[in-house]
Amino acid sequence: MELEKTSINGTLIWYYYICKREVWLIAHGIEAEQDNDFIAVGRLIHEKRYKNKAKELLIDNKIKIDLLENRKVIGEIKKSSRFLKSAKMQLAFYLYYIKEQKGELLTGELFIPEERKRIQVKLSKKLEEEIKKTIKEIERIIDLPHPPPAKKIRFCRNCGYREFCWS
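Keep in mind the model is a prediction, meaning the values are calculated, not measured.

Peer 1: Could you give an account of helix 5 (residues 84-102), with specific residues and numbers?
Peer 2: With 19 residues, helix 5 should reach 27 Å at 1.5 Å per residue; the first-to-last C-alpha distance of 26 Å fits that figure. Downstream of helix 5 by a residue or two, Gly103 has a phi angle that is positive, lying close to 75°.

If you want it as structure tokens, here you go:
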């Protein structure tokens, strides 16, 4: 199965829908600036908001799930709904991985505590096909000898790789 042969993870799925260059940089071990305020805020939300629930479960040393409310619902905590497509696809990837590797069909829920939102994510055939295509495209990007060219997008302003791309 293709998931076993690759190093594709939820982080790469997340960034694929934001910046293809960032996918390459992460996959090749180039670290983002960790002092970025937006990264710090995200960590704080994880630590404070859901302290009474199971959080950050590592499965097969491959995927890290923020919450597991019960045996059939996987949760993912996000700072805001600004990256909703990325968040949904990251959660869909986790659902797909668990279905393929563990034989369990689960549902997912995005938690956006600052906006008091919960968004349900179910793995449909259409979503599963999109995940498969995304995995193939990420593998193609990773195999490139150099990162894709930098493109100015609205997310660059707060990106931990900003200086790497634009200095």
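Now that the structure has been shown, the text picks up again.
Peer 1: Explain the packing of helix 5 against helix 6 (residues 125-142) to me, using residue names and the numbers behind them.
Peer 2: In a packed pair of helices, the relevant descriptors are the angle between the two axes and the axis-to-axis distance. One can describe the packing of helix 5 onto helix 6 by two numbers: an axis separation of 10 Å at closest approach and a directional angle of 95°. Between helix 5 and helix 6, the interaxial angle falls into the category roughly perpendicular. For the pair formed by helix 5 and helix 6, the contact residues are Lys85, Met89, Ala92, Phe93, Tyr96, Lys99 and Glu100 on the first element and Leu127, Glu128, Glu130, Ile131, Lys132 and Ile135 on the second.

Peer 1: Quick one: what's the story with the side chain of Glu76, residue by residue and with numbers?
Peer 2: Position of Glu76 relative to the elements: it lies in strand 3 (residues 73-77). You can call Glu76 buried: its relative accessible area is 4%. Engagement of the side chain of Glu76 in a polar contact is seen with the side chain of Lys78, the distance being 3.0 Å.

Peer 1: Describe in detail the packing of helix 3 (residues 20-27) against helix 6, supporting the description with residues and values.
Peer 2: With their axes 9 Å apart at the nearest point, helix 3 and helix 6 run at an angle of 65° to one another. Taken together, the axis directions place helix 3 and helix 6 in an arrangement best described as roughly perpendicular. Considering only the axes of helix 3 and helix 6, their crossing is right-handed. Touching Lys20, Val23, Trp24 and Ala27 of helix 3 are Ile138, Ile141 and Ile142, all from helix 6. Looking at the contact of helix 3 with helix 6 residue by residue, the class counts come to 6 nonpolar, no polar and 1 charged.

Peer 1: Can you break down the nonpolar core residue by residue, with the values?
Peer 2: In this structure, Ile8, Phe93 and Ile138 are the most contacted members of the largest nonpolar core, which totals 40 residues. At the level of elements, helix 2 (10-16), helix 3, strand 2 (63-70), helix 5, strand 4 (107-112), strand 5 (117-122) and helix 6 are the ones that each hand at least two residues to this core. Sequence-distant contacts of Ile138, defined by excluding residues within four places in its chain, comprise Ile8, Leu12, Ile13, Tyr16 and Val23.

Peer 1: Go over the side chain of Glu109, please, and point to the residues and values.
Peer 2: Relative to the helices and strands, Glu109 resides in strand 4. Here Arg118 takes part through its side chain, which lies 3.0 Å from a polar atom of the side chain of Glu109.

Peer 1: Residues and numbers for unusual backbone geometry, please.
Peer 2: It is generally the case that most residues other than glycine have a negative phi and that most peptide bonds are trans. The residue Arg116 is not glycine, and still its phi comes out positive at about 55°. Relative to the assigned elements, Arg116 resides in the loop between strand 4 and strand 5.

Cut-offs and rules
Residues numbered from 1 in each chain as written. Predicted model: local features only at pLDDT ≥ 70, side-chain atom pairs only at ≥ 80, totals over all residues. Heavy atoms only, no water. Helix = DSSP H or I, 4+ residues; strand = E, 2+ residues; numbered from the N terminus. Expected span 1.5 Å × (residues − 1). Axes fitted to C-alpha atoms, helices over the stretch in contact; angles between N-to-C directions. Parallel < 35°, antiparallel > 145°, perpendicular 65-115°, else oblique. Contact = heavy atoms within 4.5 Å. Buried < 20%, exposed > 50% of the residue type's maximum accessible area, 1.4 Å probe, protein only. Polar contact = N/O pair within 3.5 Å; in protein donor to acceptor, adjacent residues only side chain to side chain. Left-handed = near helix turned anticlockwise from the far one by under 90°. Nonpolar A, V, L, I, M, F, W, Y, C, P; charged D, E, K, R; others polar. Core = buried A, V, L, I, M, F, W, Y, C linked by side-chain atoms within 4.5 Å.

Geometric values such as these leave the question of function open.
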